[in-house]
Amino acid sequence: MNEDKQDWKKEMKLKLLERQSEAKVVRKIVMISLAVFIAIVIVTAAAGYFYISSSLKPVDADSKETVKVEIPMGSGVTMISNILEKNGIIKNALIFKYYVKFNNEANFQAGNYNLSPSMTLDEIIDTIKSGKVAETYKITIPEGRDLEEIADVIADKLGLKSKEVLKVMNDKKFIKSMMDVYPDLITDEVLAEDIRYPLEGYLYPATYSFYEEDPSIESVLNTMIGKTKEVIGKYTEAMGDEWTVHELLTMASLIEEEATEQADRDKISAVFQNRMKIDMPLQTDPTVLYALGEHKDRVTYKDLEVDSPYNLYRNKGLTPGPISNAGETSITAALNPADIKDLYFLATPSGEVLFNETLEEHNKDKAKHITNN
């Protein structure tokens, strides 16, 4: 019995030792596993932190590239995020989405935007919220351009032919629609029999930005006419009963065409209006060139004989309508002529403009600066 009892004790002791050994191994495995798990968590958290931190930064802070990005109407944050990632403007759509939501950003505007990979998330958000969309077309119309020249500029920018633009410019249905939109600006005077182009002089010289993907000719012209309306509106009181809009734009166009960089437009205006007061022809060369439909450096005596209501060597008063567009400087000059009695002016080869009261003085200057040179 004692031997059995001792054997049993030994066996129990061995089992206890085995269990203690197993427990040590389990504890060791648990500790190693826990350490590995903690390490994985730390590494994952660090990687996640650096990934998120990186995703919050610009794609390329040094980029000078600009990408036109379209945000469609009704786009939600998810769609906008995906569009921005697809176009290379942000690094991660999901992070951008949560950044927007975390900062309670909203009221994004649809449109075409010029965005850059160098922009921060805040700059991107502010741009899309502002609605300052990218220009699709920029059209610059200089001063002193006639309708045919303007048609060339518009056609070139829109990828059309000039005759297509001119067709719309002269379409009576379109002109009537503009008369309905701008009744105080465009009147029946533009449809007079002698008028060559009804909208001549009504397309204001300026730089225009268009944001549609394919702006129509009608929308481009409407914008330019609207600008003329805006400018002329400032001078309604100054015009009084003395001028109609059509007459003012006509006089301004004559001044515009005669003026040089050094010329005093108010003096040219005064010469024209002094001549009209004494029923003297304005005798201005640009009207002859307009009548001829040509652009020449010099007008010949034969040119002066052209039979046209636009030839102010043969006709008194103003031309039937404007012969070009005119800037605001020429418009104000028409309304505010200089207080002089001169009836003549001469542009010298140097660009200087000389003014005289008498034909004799004028001819002397002409002989000195033109004929004898």
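Everything that follows concerns the structure shown earlier in this document.
Overview of the structure.

Re the overall build of the protein chain
Here's step 1: The number of helices and strands found in the protein chain is 14 helices and six strands.
Here's step 2: The buried share among the 373 residues of the protein chain stands at 40%.
Here's step 3: Considering only intrachain contacts with a sequence separation of at least 6, the fraction spanning at least 24 residues in the protein chain is 62%.
Here's step 4: Just so you have it, the protein chain exposes about 22,100 Å², and 51% of that area is on carbon and sulfur atoms.

A word on the packing of helix H10 (residues 245-258) against helix H11 (residues 265-277)
Here's step 1: For the pair H10 and H11, interaxial distance at closest approach is 10 Å and the crossing angle is 125°. Between H10 and H11, the crossing angle belongs to the class labelled oblique. For the crossing formed where H10 meets H11, the hand is right-handed. From H10, Met251, Leu254, Ile255, Glu256 and Glu258 reach across to H11, where they touch Arg265, Ile268, Ser269, Phe272, Gln273 and Met276.
Here's step 2: Here the residues of the contact of H10 with H11 sort into six nonpolar, two polar and three charged.

Notes on the packing of helix H2 (residues 77-86) against helix H3 (residues 93-102)
Here's step 1: Here H2 crosses H3 at 135°, and the two axes come no closer than 8 Å. Taken together, H2 and H3 sit at an angle that is classed as oblique. The interaxial crossing formed by H2 with H3 has right-handed handedness. Where H2 abuts H3, its residues Val77, Thr78, Ser81, Asn82, Leu84 and Glu85 lie against Ala93, Phe96, Lys97 and Val100.
Here's step 2: Class assignment for the residues of the contact of H2 with H3 results in five nonpolar, three polar and two charged.

Digging into helix H13 (residues 328-335)
Here's step 1: Turning to H13, its buried residues are Ser330, Ile331, Ala333, Ala334 and Leu335.
Here's step 2: The elements touched by buried residues of H13 are helix H8 (217-233), helix H9 (236-239), H10 and H11.

Notes on unusual backbone geometry
Here's step 1: We note that Asn104 has phi near 55°; this positive angle belongs to a residue other than glycine.
Here's step 2: In this structure, Asp279 is a non-glycine residue whose phi angle is positive, near 60°.
Here's step 3: Checked against the element boundaries, Asp279 lands in the loop between H11 and helix H12 (285-292).

As for the pairing of strand S1 (residues 67-71)
Here's step 1: Here S1 shows a clear split, with Val67, Val69 and Ile71 buried on one side and none of Lys68 and Glu70 buried on the other.
Here's step 2: Across five bridges, the pairing between S1 and strand S2 (residues 111-115) is antiparallel. Paired with Val67 across the bridge in S2 is Leu115.

Considerations on the nonpolar core
Here's step 1: In this structure, Ile154, Met169, Ile186 and Ile331 are the most contacted members of the largest nonpolar core, which totals 70 residues.
Here's step 2: Ignoring anything within four residues of it in the chain, the contact list for Ile331 reads Tyr204, Val231, Ile232, Tyr235, Leu248, Leu249, Ala252 and Ala326.
Here's step 3: Counting residues in each nonpolar core, the second largest holds 18 residues, with Val67, Ile71, Ile89 and Tyr113 among its members.

Let's talk about the environment of Val153
Here's step 1: Here Val153 lies in helix H5 (residues 147-158).
Here's step 2: Distance in space between the C-alpha atoms of Val153 and Val165 is 9.7 Å, their sequence separation being 12 residues.
Here's step 3: Ignoring anything within four residues of it in the chain, the contact list for Val153 reads Ile139, Thr140 and Ile141.

Thresholds, definitions, all that
Residues numbered from 1 in each chain as written. Predicted model: local features only at pLDDT ≥ 70, side-chain atom pairs only at ≥ 80, totals over all residues. Heavy atoms only, no water. Helix = DSSP H or I, 4+ residues; strand = E, 2+ residues; numbered from the N terminus. Buried < 20%, exposed > 50% of the residue type's maximum accessible area, 1.4 Å probe, protein only. Contact = heavy atoms within 4.5 Å. Areas by Shrake-Rupley, 256 points an atom, 1.4 Å probe, with all protein chains shown as cover. Axes fitted to C-alpha atoms, helices over the stretch in contact; angles between N-to-C directions. Parallel < 35°, antiparallel > 145°, perpendicular 65-115°, else oblique. Left-handed = near helix turned anticlockwise from the far one by under 90°. Nonpolar A, V, L, I, M, F, W, Y, C, P; charged D, E, K, R; others polar. Pairing = 2+ DSSP bridges. Core = buried A, V, L, I, M, F, W, Y, C linked by side-chain atoms within 4.5 Å.

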